[in-house]
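# Chain and residue survey
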Amino acid sequence: MIKRWPRRREFLAYYLLLKYAKARSTGESEDDLCVNAGEAIDLLNVLTGSKRLSSSLLKQLVKRGFLERRKALVYCIKEVDALLDEALVYYLAGRLRRRGIEATVSRDHGHRIVVFGRDSCSEIAEKASRIGIKVECVDDQR
């Protein structure tokens, strides 16, 4: 989950890695968007100018949720759509909570919003389904 909106350098570093992974992928498996840490650091060296800063930037991308660590030195790049969909679900759940509607995000079976209390849930579920967001209505709080 994106905890904060990325800075320009972070986002462009992520986009550079995504473009590189897509250019060399065969499109046969999801591991095609994975890169070795050494490759990533060499590629990010274009932006940062040093391997130390490139390594630090790579760690920041993992911490921010743009990359996912699969093995010791293998990082998989998340798709832009998946990142933005996830950020949207968390944002909408937060907005519902600010309006006084008890809502949380469930991560099992894809990201969906769980709304506690049925009084306003049907309207929220109907509107969210128009944009492809799943909403589950639950009668009582945990």
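All of these numbers come straight from a predicted model, not from anything done at the bench. In this numbering scheme, every chain counts its residues from 1 along its sequence in written order. For this predicted model, a pLDDT threshold of at least 70 governs which residues receive local features, and a threshold of 80 or more governs which side-chain atom pairs are given and counted, while totals over whole chains, interfaces and linings are taken from all residues. Note that the side-chain values use all heavy atoms of the structure and ignore hydrogens as well as water.

### Observations regarding the sheet that holds strand E2 (residues 67-71)
- Pairing is antiparallel across the open sheet formed by three strands, whose spatial order is E1-E3-E2. With partners counted over all chains shown, the strands left at the sheet margins are strand E1 (34-36) and E2, one partner each. Going across the sheet, the axis of each strand differs from the next one's by a mean of 35°, ignoring polarity.
- Sheet contacts for helix H2 (residues 37-48): E1 and strand E3 (74-77); angle to E1, the most-contacted strand, approximately 85°. In this scheme, strands are said to pair when DSSP sees at least two bridges between them. Helix and strand definitions follow DSSP, with helices as H or I runs of at least four residues and strands as E runs of at least two, each counted in order from the N terminus. For helices, the fitted line uses only the C-alpha atoms of the stretch in contact; every axis is such a line through C-alpha atoms, and the angle between N-to-C directions lies from 0 to 180 degrees. The contact rule is simple, with two residues in contact once any of their heavy atoms fall within 4.5 Å.

### Overview of a positive patch on the surface
- Each patch groups residues whose relative accessible area exceeds 30% and which form no salt bridge, using 9 Å between like charges and 5 Å between nonpolar side chains of Val, Leu, Ile, Met, Phe, Trp and Tyr. Note on areas: these come from Shrake-Rupley sampling with a 1.4 Å probe, and a residue is covered only by the protein chains present in the view. Criterion for a salt bridge: a side-chain nitrogen of Lys or Arg within 4 Å of a carboxyl oxygen of Asp or Glu. The charge count includes Lys and Arg as positive and Asp and Glu as negative, but it does not include His or the ends of the chains. Charged side chains are reduced to one point each, which is NZ for Lys, CZ for Arg, CG for Asp and CD for Glu. Positive charge collects at one region of the surface, where Arg95, Arg97, Arg98 and Arg99 lie side by side.
- If you trace the backbone, arginine 97 turns up in helix H4 (residues 80-98).

### Describing the packing of helix H1 (residues 8-24) against helix H3 (residues 51-64)
- It is the contact of H1 with H3, at a shortest axis distance of 10 Å, that shows an interaxial angle of 90°. Comparing their axes, H3 and H1 come out roughly perpendicular. On H3, the residues touching Arg9, Glu10, Ala13, Tyr14 and Leu17 of H1 are Leu57, Leu58, Gln60, Leu61 and Arg64. What sets the label is the angle itself: under 35 degrees gives roughly parallel, over 145 gives roughly antiparallel, 65 to 115 gives roughly perpendicular, and the rest give oblique.

### A short note on H2
- In this analysis, the expected span of each helix is defined as 1.5 Å times one less than the number of residues it contains. An ideal rise of 1.5 Å per residue puts 16 Å on twelve residues; H2 measures up with 15 Å between its terminal C-alpha atoms.
- Burial status follows relative accessibility: with a 1.4 Å probe on protein chains alone, a residue under 20% of its type maximum counts as buried, one over 50% as exposed, and anything between as partly exposed. Those residues of H2 not exposed but buried are Ala37, Ala40, Ile41, Leu43, Leu44 and Thr48.
- On its buried side, H2 packs onto H1, E1, H3 and E3.
- Its side-chain oxygen placed 3.1 Å from the backbone nitrogen of glycine 38, asparagine 36 serves as the N-cap of H2.
- Where H2 terminates, the next one or two residues include glycine 49, which has phi positive at roughly 95°. For the purposes of these results, a polar contact is taken to be a pair of N or O atoms within 3.5 Å, where, inside protein, one atom must be able to donate a hydrogen and its partner to accept one; residues adjacent in sequence count only when each atom of the pair is a side-chain atom.

### Points about the pattern of salt bridges
- For the structure on display, the rule yields eight salt bridges.
- Of the charged contacts, one joins glutamate 79 and lysine 22 as a salt bridge, the two residues approaching to 3.2 Å between their closest N and O atoms. Taken together, the residues glutamate 79 in the loop between E3 and H4 and lysine 22 in helix H1 connect sequence positions 57 residues apart.
- The exposure class of glutamate 79 is partly exposed, given its relative accessible area of 32%.

### Thoughts on the packing of aromatic side chains
- A pair of Phe, Tyr and Trp rings is counted when the ring centres sit within 6.5 Å of each other, with Trp represented by its six-membered ring. The angle between the planes then sorts it: under 30 degrees is stacked, over 60 is edge-to-face, the rest tilted. Summed over the entire model, instances satisfying the criterion amount to three aromatic pairs.
- Each ring, one from phenylalanine 11 and one from tyrosine 14, has its centre 5.9 Å from the other, and the planes form 45°; the classification is tilted. Note that phenylalanine 11 and tyrosine 14 are positioned in helix H1 at a spacing of three residues, about one turn of the helix.
- Phenylalanine 11 gets classed as partly exposed once you look at its relative accessible area, which sits at 33%.
- Owing to a relative accessible area of 0%, tyrosine 14 belongs among the buried residues under this scheme.
- An aromatic cluster is present here, built from Phe11, Tyr14, Tyr15 and Phe66 joined pairwise through their rings.

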